Every structure is written in structure tokens, then in C-alpha cells.
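Secondary and tertiary structure notes
In case you want the letters, here they are:
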Amino acid sequence: PKGQDIVKQKNVREALAYALDKNLLNEQVFKGNAVVVDSPVRSDLFGFKNPEQPRYKDTEKALALFLKEGYAKKGDKLIKQQNPLGEFRTDLRKGNQGAEVRKLQECLARDPEVYPEGDITGAYGTLTEKAVIRFQEKYASEILTPSGLTKGTGAVKAGTRAKLNELCSTQPKEDIPLTITLTTLDQSPLTDVAKNLAEQWKELGIETIVQTYPQVELERDVIKTRNYQVLLFGEILGKVPDPFPFWHSSQKKDPGLNLSGYESKKVDQLLGSARKELNQEARTEMYEDLQDLLLQDVPAIFLYDIP
């Protein structure tokens, strides 16, 4: 996921999991012939313990988690009200830190053309400076021209503050419905699964846009470049499972298979140690610990396996 994407938030990923009935998915798409899974490994095949935190459909939990990220049910939609941020009163420039910088970043991030990265860090770094320049040049006639400037400066002073206040500090923004783009292969059963997920999430008020691609395009233009918001995809583990390619942080970029962009020092250590461990019982314990960490962090939602 890129920029200030909503699925970067653990609460949202967990809420999306709680919004799904995987048994219903199995019945409607696979006629009950798939195996519902809650983990990246099947305990019945590899002798691992069952997951400690399986997530069954729980609409109340899902809505409570969305509320933590500012989304609430309104009619048949999940919406987020972008409230005024408060007045900008001080000059800001690269190197500044704090709440005022965070507020600036939140304002800039409301326009993806101005601040596509959308990182809300509270630190005025290079990305924020470039975003301010784009903002200044977008509204050049109001910010730059009166001062005899033709290019943005990257520093927030009186003219820039006035425009920021106009756009973000006084007028409440309209309700923003939650929309998710789900990308997958244009082959069954993945297309059927994607449609089922979209229908289930719609019940909670989420609009899901399903994008499908032929295999070559999906691999070249989507997976290789990590150009997706939510990806529906499968993984194959051999008789001796090695989850390293799927979850180690070194595999986040192509040709690695860490497609969720997951990063955890604890998980990296476990994966590295498990590869070297010759004792089967000790290795199994490590993979069980890995399973618990993945379920805790929710980098992905595990759905089903086809025997």
C-alpha cells in the first residue's frame, strides 16, 4: 500500500477481517469443499497448534475498530468526517517538529496531488517541504504572485498560512465514504472470491472496487511494482513449509514474495533462526510463534485453502 492508505492501519485490517464470514465464503464459492484457514500454515497438515486468535465474523467489533480510525456508519455507508483542523498561526519550515507540523501534513494530505505520500509524522522533512512547494504552486495566484514569486519556497509563511486556513481550518469537509480497491487475477476462483468479499464488506458500508488483470499484467504491472491497495492472491507452501519468502522484511521488494510489505524484527529473527534449526520440534515451536505474531499484526487476512 502506498501513501497515507487506510489499510496501513492495523485497526482497519483487523476490522476487515471481522467483517468477513469465511464459512459463508466457502459455501457460496466452493460449495463447502475448501478448508477455512486462520493462519498462513495449516495446523492439520503440519502438526502446528491451532491459532490463538482466529477472527470470526463480528460486526460490532469491526465497527468499533473502524470508529478508532474515524469511520462511522451513516445510513448504508461507512464515512469519515474531515473536521476543521484549527487555525495555522505560526511560520513553519523544514526541520520543525510537533503538533503544528502534523496538522500541516494532515491538511496537505487531503489533496493527493499535493501530498501523494500522505505521511503524518509531525516532522517537517523533505517530503513535507516538497508538498508545500506543490501547494504553493497550485495556488500560485494567491500565494506566490502577490510576493513576486514564481516558484514555491517550501516554507509556510503568511500567504501560505492564509490559504491553508481557508481550505482546512474553517470549513468542515464533506463526509468521505470508505472505498477500497481490491486487485486480483482475472481467473476463477479468485474473481468469484473477490466478488464475495466485496458483497460481504458492502454489508458493513464499504464500497469495494474489484480490479482484475491477466496473469502477465498482474505480475508485471501490479505485483512487481507493488501497485495495489488490497491484493487477493495465493501462496503455496511445500511439505516442509518455509514462510521466509512471504514474511521476511528483506522480501518486501520484487522478486520477494512479501506482498503485504510486512516488517517485524521479531518475525525476521524467527524466520532466520527457523531456517537454521535442524530439530523439527524446535522449528515447529518457532513457526507457532510466527503464527501468533502474524495474527497479532494482521498484515494479511487468511481465507481458505483448496485441498
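Structure first, text after, so check above.
Below you will find a few notes about this structure. As the structure is a computational prediction, the values presented were derived from the model and not from experiment. Every chain begins its residue count from 1, and numbering advances along the sequence as written. pLDDT decides what is reported in this predicted model: residues at 70 or higher carry local features, side-chain atom pairs at 80 or more are listed and counted, and totals for whole chains, interfaces and linings draw on all residues regardless. Water and hydrogen atoms were dropped before computing side-chain values, which therefore reflect all heavy atoms in the structure.

This part is about the overall build of the protein. Secondary structure elements are taken from DSSP: a helix is a run of H or I of four residues or more, a strand is a run of E of two residues or more, and numbering for both begins at the N terminus. Counting its regular elements, the protein contains 13 helices and eight strands. Here the C-alpha coordinates of the protein stretch approximately 70 × 45 × 35 Å along the principal axes. Taking all contacts inside the protein whose residues are at least 6 apart in sequence as the whole, residues at least 24 apart take part in 67%. Here the accessible surface of atoms and residues is derived via Shrake-Rupley with a 1.4 Å probe, and residues count as covered only by protein chains that are part of the display. Carbon and sulfur atoms form 49% of the exposed surface of the protein, whose accessible area is close to 16,600 Å². Averaged over its 43 positive side-chain charges, the protein has a centre that lies 5 Å from the centre of its 46 negative ones. Should any heavy atoms of two residues lie within 4.5 Å, those residues are considered in contact. This count recognises Lys and Arg as positive and Asp and Glu as negative, with His and chain-terminal groups excluded. Every charge is mapped to an atom, namely NZ of Lys, CZ of Arg, CG of Asp or CD of Glu.

A few words now on the state of the cysteines. Should the sulfur atoms of two cysteines be covalently bonded, the bond is a disulfide. When two cysteine sulfur atoms lie within 2.5 Å, the pair is treated as a disulfide. All told, the structure shown has one disulfide when counted by the stated rule. Sulfur-sulfur distance for the disulfide between C107 and C168 comes to 2.0 Å. Taking the torsion about the sulfur-sulfur bond, which here is approximately 80°, the covalent link between C107 and C168 counts as right-handed. In this pair, C107 sits in helix α5 (residues 99-109) while C168 sits in helix α8 (residues 158-169), placing the two residues 61 residues apart along the sequence. Relative accessible area decides the class of each residue, using a 1.4 Å probe on protein chains only: under 20% of the type maximum gives buried, over 50% gives exposed, and in between gives partly exposed. For C107, a relative accessible area of 5% gives the class buried. On the basis of relative accessible area, C168 is assigned to the buried category, the value being 3%.

Between side chains of opposite charge, a pair can form as their charged atoms come close. Salt bridge, as used here: a side-chain nitrogen of Lys or Arg that lies within 4 Å of a carboxyl oxygen of Asp or Glu. Counted by the stated rule, this structure contains 13 salt bridges. Residue K163 is joined to E142 by a salt bridge in which the shortest nitrogen-to-oxygen separation is 2.9 Å. With K163 in helix α8 and E142 in helix α7 (residues 140-143), this residue pair connects regions lying 21 residues apart in the sequence. When its relative accessible area of 6% is taken as the criterion, K163 is described as buried. Under the relative-accessibility criterion, E142 is labelled partly exposed at 41%. Taking the shortest distance from any N to any O, the salt bridge between D242 and R275 comes out at 2.9 Å. Within this pair, whereas D242 is found in the loop between β7 (230-231) and α11 (244-247), its partner R275 is found in helix α12 (residues 265-276), the two being separated by 33 residues in sequence. What makes D242 partly exposed here is its relative accessible area of 26%.

Any functional reading would require information that these geometric values do not contain.
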